Amino acid sequence: MKYRRLALAAAFLLAAIPFAGHAAAEQAAAETYRALFAGNHFLLEYQVAGEAQFRQIVSDGTRRFSNLGVQRKKNVSYSYDVYLKDQALYQFFQTGKGKLTARVLPVADVESSAIDPTEKWPEARKKLALPQELSIFAWQDAWTRHAPSERQPVFAASSVKTVAGKSYDCDRYLEDIMTQAQTVAGQLAYDALYENGKLVAIEEYLLRNGQETHLETLDIQSLTGDLGTYMDEPAGDVPVYAANDGGIEELMKQPRYLGPMGGTKDEKK
């Protein structure tokens, strides 16, 4: 989704600049968001500003979906992409006839050299990770990895911030980037923007030589503990095949069929 900012830390000695505002408590919703991620029970819908694609990550504590979204008129329509269940990853694909199929691989085998690299299982696992900006609430997320040079962002100050002529309540967080000698090489700043007490965006900045450089803005469409029906597996029988391990079935162009996923709509009621 984005390039890693950490490479910049190795090249620059950064200087944080004062945040225009006043030190104050975080927005009340911040603890609610931390609790959602700590409980691994949440529905997140977001978009990186400037990109066409939306993404949805939803977890019920044991299973996790990462789905792709596209804008259709006034609504965003999501389609199944990656699914975690019983320590196995599923990737969904559309056949030429528009039907949904899936491949499955145990999480423990994601890095196996025996698995066909064109299936991109390491990339599929990464799709379960939260955006870097949400490390301000979810540093301990099991699927989000941090480089050794990263440190957990900490709350710095609150203010009112104007963006494109609109005012938002803003909480700023600072993340130290460390050198190999464990000295602070620089910082990233995250500005969490709230409207009517609800998180609507997080802006990311690089702090360097007294200057702020905007890196990315994460627009939040939804962040809630109300999962609704979003944890439902695909309705209707979806054929599930084993990941390509170079076995005889794959050589014969007949991937190993493991059975159906989901069920009929009546079975889901």
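Scoring rules and cut-offs
Residues numbered from 1 in each chain as written. Predicted model: local features only at pLDDT ≥ 70, side-chain atom pairs only at ≥ 80, totals over all residues. Heavy atoms only, no water. Helix = DSSP H or I, 4+ residues; strand = E, 2+ residues; numbered from the N terminus. Polar contact = N/O pair within 3.5 Å; in protein donor to acceptor, adjacent residues only side chain to side chain. Phe/Tyr/Trp six-rings, centres within 6.5 Å; stacked < 30°, edge-to-face > 60°. Buried < 20%, exposed > 50% of the residue type's maximum accessible area, 1.4 Å probe, protein only. pLDDT = per-residue confidence, 0-100. Contact = heavy atoms within 4.5 Å. Salt bridge = Lys/Arg side-chain N within 4 Å of Asp/Glu carboxyl O.

Enquirer: I tried to follow the side chain of Glu204 on my own but got confused; where do I start?
Expert: Positionally, Glu204 belongs in strand β10 (residues 198-208). Among the polar contacts listed, one links the side chain of Glu204 to the side chain of Gln132, at a separation of 2.9 Å.

Enquirer: Help me out: how do you make sense of the packing of aromatic side chains in this one?
Expert: The relative placement of two aromatic rings is captured by the distance of their centres and the angle of their planes. Counted according to the given criterion, the structure contains nine aromatic pairs. A ring pair is formed by Phe37 and Phe42, whose centres lie 4.9 Å apart and whose planes are at 65°; its orientation type is edge-to-face. Each of the two residues, Phe37 as well as Phe42, counts as buried. Aromatic side chains Tyr83 and Tyr90 sit 5.6 Å apart centroid to centroid with 35° between the ring planes, which places their arrangement in the tilted category. Accessibility expressed as a relative area gives 15% for Tyr90, which makes it buried. The rings of Phe65, Tyr80, Tyr83, Tyr90 and Phe92 are connected pair by pair, giving a single aromatic cluster.

Enquirer: What am I meant to see in the confidence of the model for the chain here?
Expert: Segments scoring low in pLDDT should not have their predicted coordinates read at a detailed level. Predicted confidence across the chain gives a mean pLDDT of 86, with 86% of residues reaching 70 or more. A low-confidence stretch, residues 1-21 stays under pLDDT 50, and its non-local contacts, those more than four residues away or across chains, total 55 contacts. Scored below 50 in pLDDT, residues 263-269 shows eleven contacts in the model against residues more than four places distant or in partner chains.

Enquirer: Looking at this structure, I do not really get unusual backbone geometry. What am I missing?
Expert: Most peptide bonds are trans, and most residues other than glycine sit at a negative phi. Backbone geometry places Asp86, a non-glycine residue, at a positive phi of 50°. Phi at Asn196 takes a positive value of approximately 55°, unusual for a residue other than glycine. For Asn196, the location among the structural elements is in the loop between β9 (184-195) and β10. On the basis of relative accessible area, Asn196 is assigned to the exposed category, the value being 78%.

Enquirer: Looking at this structure, how should I read the pattern of salt bridges?
Expert: Under the defined criterion, the tally for this structure stands at 14 salt bridges. Asp141 is the salt-bridge partner of Arg64, the closest N and O atoms lying 3.0 Å from each other. Within this pair, whereas Arg64 is found in strand β3 (residues 64-72), its partner Asp141 is found in the loop between α4 (135-138) and β7 (154-163), the two being separated by 77 residues in sequence. Assigned by exposure class, Arg64 and Asp141 land together as buried. In this structure, Lys161 engages Asp191 in a salt bridge whose closest nitrogen and oxygen atoms are separated by 2.6 Å. Taken together, the positions of Lys161 in strand β7 and Asp191 in strand β9 put the pair 30 residues apart, joining distant regions of the chain. Take Lys161: its relative accessible area is 16%, and that puts it in the buried class. In this structure, a network of salt bridges that share partners links the residues Lys161, Arg172, Asp191, Glu203 and Glu212.

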